[in-house]
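# Chains, contacts and geometry: an overview
Listed here are the chains, written in short residue letters.
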Amino acid sequence: MKDWFDSLEPRERILVAGTGVLLILVIFYVAIIEPLYKGAAEREYRIEQKRADLVAMQQIEAELEQRAGDGGNTQRGQAGSLVVLVNRTANEFDLASPRSQPSGQNSIRVTFRGQRFDRLIAWLATLEQRHGLTIDAATFDRDSAKGIVNATLTLERGG
């Protein structure tokens, strides 16, 4: 390789060396600099999304506090089927009818597929504050869409 390079005319050597340096700079940019910029941009985007989620959660919290103050415990301990209660309140929160399975007189297992996480949390808070249901177990799995989850919950009626 060195013999070949030495056999070139001076102008050709400068051209080959310049092309080599340029090629090294392009490879350096593509392999190191560009991924760093992309990573930083992605992190900034995720931070903005987290901030937007925080603002939304704070708004939901304020709404739930207002609902609790407006009539919070009026329906606590209301008699009736847990399946009916779960389906009725899920409908009030624009949640698709869940798959419900009673597990005892005061307990129910509820499964949701493809539901908005913020609505599920607001629904659970209402069940606790207004109807005296508590969460015995909960599993949330992310769906492919942002903010959408699959959930399996075990709810119990206190007292």
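Keep in mind that what you see is a predicted model, and the values were worked out from it rather than measured. (Residues numbered from 1 in each chain as written. Predicted model: local features only at pLDDT ≥ 70, side-chain atom pairs only at ≥ 80, totals over all residues. Heavy atoms only, no water.)

Moving on: the layout of surface pockets. Within this model, the largest pocket holds a volume of roughly 620 Å³. What lines the largest pocket is a set of 17 residues, and nearest its centre among them are K50, D53, K146, G147 and I148. Secondary structure elements with two or more residues in the lining of the largest pocket: α2 (10-71), α4 (117-131) and β4 (148-157). (1 Å grid on protein atoms, 1.4 Å probe; cavity = no way out; pocket = protein on both sides within 12 Å on 5 of 7 lines; lining within 4 Å. Points joined across faces, edges and corners; volume = space filled by probe spheres on them. Helix = DSSP H or I, 4+ residues; strand = E, 2+ residues; numbered from the N terminus.)

Of the residues making up helix α3 (residues 82-92), those classed as buried are L82, L85, V86, T89 and A90. Buried positions in α3, seen along its axis, are confined to an arc of 120° and lie on one side of it. Pointing more than 90 degrees away from the buried face of α3 are the exposed residues V84 and N91. Packing partners of the buried residues in α3 comprise β1 (99-102), β2 (107-116), α4, β3 (133-142) and β4. Capping the start of α3 is the job of one residue whose side-chain oxygen sits 3.2 Å from the backbone nitrogen of V83: S81. Just past α3, the residue D94 takes up positive phi, approximately 55°. (Buried < 20%, exposed > 50% of the residue type's maximum accessible area, 1.4 Å probe, protein only. Arc of directions from axis to C-beta. Contact = heavy atoms within 4.5 Å. Polar contact = N/O pair within 3.5 Å; in protein donor to acceptor, adjacent residues only side chain to side chain.)

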